[in-house]
Each structure stands twice: as C-alpha cells, then as structure tokens.
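Observations on the three-dimensional arrangement
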Amino acid sequence: MTRHRVQDAAEFGRVAVLLGGEAAEREISLRSGRAVLEALRRQGVDAEPIDPGADVLERLRVGGFERAFIVLHGRGGEDGQIQGALERIGMPYTGSGVLGSALGMDKHRCKLLWSGGGLPTADAVLLRDEDDLPAAAALGFPLMVKPVHEGSSIGMAKVEDVAGLAAAWHAASAFDALVLAERWIAGAEYTCAILGEEALPLIRLETPNVFYDYEAKYSADTTRYFCPCGLEPAREHALQSLALDAFEQAGASGWGRVDLMLDAAGDPFLLEINTVPGMTDHSLVPMAARAAGMDFDRLVWRILETSFDRG
C-alpha cells in the first residue's frame, strides 16, 4: 500500500485528540493524549483535546473537526467502539479499524485466531466461572491470570498453586467477566512497535518485579529497556516478521505494538496486541521510534498520517 504523506499541517484540518475516557486506563490515556496534543501543536496542527462522553459525536460535529487522533486506552477507545462511531459519521481516525481494534482488545479471541493461523502463543483456558478453574490448573503451574479485555497489566497476576489461581481469578473478575489463565512463559520479553507496514527495532524488557506489571510500565525506575535488543540481526528480523504477521492476522493497521516472549529454548510466544499503545515518557513505541531515528514529534505526525489510509 502507498501511504499518504502530508507536507503541510493545514492538510490535516482541525484534529480532535481523543483522550481520557472512562476505562481503567484513563489516567494513562490523559498523559498520552497531552503529549500527543503538545507534539501536534508544536508542528502547527490545529488540534484540540476531547475527553469523550455520550455526546462525543455531537461535540465533534459542532467543533468542526475533520479527523481524530485516538489516544484512548482500554475499553471504549481501543476496542472498536469509538472507531465504529467515527465510521458512522465518516470521520477519518488514526490506527486500527473496528475489527482490528476489537480483536486486539480481546486477548482470548486474538489467541484463538493466532492459533488457527499457525502462529505461536501459549496454551490458555478461558475462565467464566469457578467450574473452569480445574481445567486451568491442568495446564500446570505457574500460570498467568489476566482479564480478557483490560490493558496495562491491570488485574494480572502470576499464580503458583490452586489457591493462588482461585484468588487471582476472583481479583481479575472484578475487572472483566472473562478471565484468561495462560501457561507461564519463563524467558525474555520483547515488544515490537509497528508503524504503517514497518516493524520498528525490538525492545527487550527487564524488571525486578514478578512480571512487567502496571508499576513497571508507568512509574518504576528499576525497569530496564534494551534497544538494540541484543539479538542477532537475523533473529530480530524473524521476530519482527512474526509481529507483523500477528498484527495483520488480527486485522490491525496503522500503528500499534505486539508483545512477545522467548522461552528458555528460544522459541517465541505471542502475548498480545496493543492497537492504541501508550505515548507517555515511559512508553515503548516512542522509544522504538527514537532507535529508528524518529523523534516524538515526527512519530506523532506519522501516526496522524495513518488517518488518510483508511479504506
């Protein structure tokens, strides 16, 4: 596909930066959105923040906006809802469409799709109620327990035994009626940022925490990021290709991030997709972009250009 390139900020028209929302990741979305807004304004783009509520479409119409930069993390913003609403009024927007957004947000169905497409992902059991706990325990411990429709590691826990599994399921079910119990992968964690049809340099993550949790992502100073990631070029390229395949299979487009791990034998396992990744000072997509020679302002501009590629 030939990507649309914009030379003059006026071509974007009036841009609504959609930030905040009502999901559990609201505070991170506000931080990401403010950073995006400032970057657009520094480059002469006519951009205004919109914290969407039930009247968001009317506010967009009355405000004379011509396109939307979506920086809404989690439910309502990353799951296809706002994308569908914008499609309804014919407003161009950044990132994945309805299908890619919905599948990317649904960890269970995304894993089913990857497995059906022959892509590697850890064995998992969907937990709807307590009757499903024995099937999860049969996978063997340790396990990772996570809400199906949350991001930023919210509600996630590593469990070592049956009692821990039950407790983690109860905690995760406070966030989502559907919970996933996934075989624990012991090994190095990587993330691959995607911009257009390009995979950016891989980042390897290290944290002294049990896993790369909310604190490690957004506040801890002990998390270490390695970019270059330390892999041989051919190996890194293979994992970038895997990430691109995973992104495409899920119907995602525009920009995003694919998380994966290598086990002790060096075999890859896909974890999840983020179709509206964080854009804060701790965020991974800006970090990968810098490694590729692209500063934050240029990255934000390139993401906004994806709003022209829909359809």
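One structure accompanies this document, and this report is about it. (Residues numbered from 1 in each chain as written. Predicted model: local features only at pLDDT ≥ 70, side-chain atom pairs only at ≥ 80, totals over all residues. Heavy atoms only, no water.)

A few words on helix α10 (residues 284-291). Of all the eight residues making up α10, six are buried; the element is thus mostly covered by neighbouring parts of the structure. Of all the positions in α10, only Leu284, Val285, Pro286, Met287, Ala288 and Ala289 are classed as buried. Of the surrounding secondary structure, the elements contacted by the buried residues of α10 are β8 (187-195), β10 (203-206), β11 (224-226), β12 (255-263) and α11 (296-305). Gly293 sits one or two positions beyond α10 and adopts a positive phi of about 85°. (Buried < 20%, exposed > 50% of the residue type's maximum accessible area, 1.4 Å probe, protein only. Helix = DSSP H or I, 4+ residues; strand = E, 2+ residues; numbered from the N terminus. Contact = heavy atoms within 4.5 Å.)

As a further point, take the packing of helix α1 (residues 26-42) against α11. α11 packs onto α1 with a crossing angle of 95° between their chain directions and a minimal axis gap of 9 Å. Classified by the interaxial angle, the pair formed by α1 and α11 is roughly perpendicular. In this structure, α1 contributes Ala35, Val36, Ala39, Leu40 and Arg42 to the contact, and α11 contributes Phe296, Asp297, Val300 and Leu304. (Axes fitted to C-alpha atoms, helices over the stretch in contact; angles between N-to-C directions. Parallel < 35°, antiparallel > 145°, perpendicular 65-115°, else oblique.)

Right, let's get into the pairing of strand β1 (residues 15-18). Both faces of β1 are covered, namely the face carrying Val15 and Val17 and the face carrying Ala16 and Leu18. Alignment of β1 against strand β2 (residues 47-50), held across four bridges, turns out to be parallel. Looking at the pairing, Val17 lines up with Pro49 of β2. Tracing the backbone out of β1, into α1 and back to the parallel element β2 gives a crossover that is right-handed. Strand direction decides the pairing type here: β1 and strand β3 (residues 67-70), joined by four bridges, are parallel. (Pairing = 2+ DSSP bridges. Right-handed = clockwise from strand over helix to strand, strands pointing away.)

These figures come from the coordinates and say nothing about function on their own.
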